[in-house]
Amino acid sequence: MKIHFMGIGGCGVSGLALMAKDKGYSVSGCDISESPYYKMVASKGIECYAGHSEKHLDKVDLLVKSSAVPDHHPEVQEAISKGIKVYDRGAFLGQLLKNDIVIGVAGSHGKTTTSWILYHILTAAGLQPSIYAGGKSEGITNINASKPVIVELDESDGTVFDMDPEILLINNLEFEHADYFRSESNMRILFERYLMKREKRRLIIGRGFEPGDSLCNLFDAISFPSTSEIENKKGFENTSEHTFTYSNGSWNMIFNGNEYFAGTEKDAPHILQNRFAALTAASLYLSGEGIAVPSFTPDFWETIPGVDRRFQ
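Residues numbered from 1 in each chain as written. Predicted model: local features only at pLDDT ≥ 70, side-chain atom pairs only at ≥ 80, totals over all residues. Heavy atoms only, no water.

**Quick notes on the packing of aromatic side chains**
Note on aromatic pairs: each is described by the distance of the centres and the angle between the planes. Counting across every chain of the model gives 14 aromatic pairs. An angle of 75° between the planes, with centres 5.5 Å apart, marks the rings of W116 and Y119 as edge-to-face. Of the two residues, W116 and Y119 both sit in helix 5 (residues 111-124), three residues apart, roughly one turn of that helix. The class for W116 is buried, based on a relative accessible area of 3%. Taking the relative accessible area as the measure of exposure, Y119 reaches 14% and is therefore buried. Between F300 and W301, the aromatic rings sit 5.1 Å apart at their centres with planes inclined by 75°, giving edge-to-face as the arrangement. Accessibility expressed as a relative area gives 15% for F300, which makes it buried. Judged by its relative accessible area of 5%, W301 is buried. (Phe/Tyr/Trp six-rings, centres within 6.5 Å; stacked < 30°, edge-to-face > 60°. Helix = DSSP H or I, 4+ residues; strand = E, 2+ residues; numbered from the N terminus. Buried < 20%, exposed > 50% of the residue type's maximum accessible area, 1.4 Å probe, protein only.)

**Things to note about the pattern of salt bridges**
Side chains bearing opposite charge may pair, as long as their charged atoms lie close to each other. Counted according to the given criterion, the structure contains 13 salt bridges. With a shortest N-O distance of 3.2 Å, R201 and D164 are connected by a salt bridge. Of this pair, R201 sits in the loop between helix 7 (184-196) and strand 11 (202-205) while D164 sits in the loop between strand 9 (146-152) and strand 10 (167-170); the two residues are 37 residues apart in sequence, bridging distant segments of the chain. D164 sits in the partly exposed class, given a relative accessible area of 41%. Put simply, R275 and D267 hold a salt bridge, and the shortest N to O gap is 3.4 Å. (Salt bridge = Lys/Arg side-chain N within 4 Å of Asp/Glu carboxyl O.)

**A short note on the sheet that holds strand 14 (residues 250-255)**
Sheet architecture is open: four strands sit in the order 12-13-14-15, paired in antiparallel fashion. Two strands close off the open sheet at either side, each with one partner strand: strand 12 (236-237) and strand 15 (258-264). Bridging between strand 12 and strand 13 (residues 242-247) involves two bridges; their strand directions are antiparallel. Bridge pairing in strand 13 places E237 opposite T243. (Pairing = 2+ DSSP bridges.)

**Quick notes on the sheet that holds strand 1 (residues 2-6)**
Spatially, the five strands line up as an open sheet ordered 3-2-1-4-5, and their pairing is parallel. At either end of the open sheet lies a strand with only one pairing partner, and these are strand 3 (47-50) and strand 5 (85-88). Strand-to-strand twist across the sheet, computed as the mean angle between neighbouring axes with direction ignored, equals 20°. Direction of pairing for strand 1 relative to strand 4 (residues 62-65): parallel, over a ladder of four bridges. Note on strand 4: the bridge partner recorded for M6 is K65. Packed onto the sheet, helix 3 (residues 74-81) meets strand 1, strand 2 (26-31), strand 4 and strand 5 and runs at close to 155° relative to strand 4. (Axes fitted to C-alpha atoms, helices over the stretch in contact; angles between N-to-C directions. Contact = heavy atoms within 4.5 Å.)

**Side note on the state of the cysteines**
In the structure shown here, the tally under the stated rule is zero disulfides. Residue C11 stays outside any disulfide, its sulfur separated by 15 Å from that of C48, the closest cysteine. Lacking any disulfide linkage, C30 is separated from the closest cysteine sulfur, that of C48, by 8.9 Å. C30 sits in the buried class, given a relative accessible area of 0%. (Disulfide = S-S within 2.5 Å.)

**Observations regarding the environment of W301**
Assignment of secondary structure puts W301 in helix 11 (residues 298-303). For the pair W301 and R188, spaced 113 residues apart in sequence, the C-alpha to C-alpha distance is 34 Å.

No statement about biological role is implied by the geometric values presented.
What follows is the structure in structure tokens.
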């Protein structure tokens, strides 16, 4: 099967194209400019075209488009006229990973960083996780290895609702993307409907903003300290076996009777929040697999590479 990706120069579609290629599909793509992501996928052997044209659809079986590409685009309309199935990026991601074990990371702040922290924790536990993220770490935007698949989800266009991960981590949720959600109440309603369909899945929601706080309470989700709680050196205890404590300048997570070092009072609150989020998700997955959560020294956190932001 040949899949053509419109908007392959974007951070999300480029990673998705590479994932499809790694899964054995024949892949091509196009974009209006040759961005760094465009050049990166081209260097991986993917046939890329500068600009858009109906000619790109020769022998194509499936068209996947960025959310920035409108349905009335001539290339999209040509695909429809030829009977080629058209998917938005998020919907295709859900289809591509429907048989995989997925840990989804969503939220308004820190989801790219948290996704990569989670990747390194699971790697430290001896696993070979795959990752599909919206930002690069050491020049890498995705890794297709083994299970689980860590996926950074995008709420900006509602594509988060196309995924049904085994573990869903919502780092935090603050009203934004008004062009899609229109209002805070509508954002909460859409997430409520989505989460109600996931009652048998494991759910983690960070607090500190609305509507995330309301959703956390409504669904009795596992949580972790908010940035304000960290600033005030206030721990947090779940009804699950996750407890977060501050003592003698250090922050720790207690899980299954074991204590895991997360950082010190010298670390920025948002960094500690991201680490706690990743530790919580990792502990849920690893305990389900019968694998111990690795212990962490201060040096471990310093070895995790930084993340290149998408607009850098």
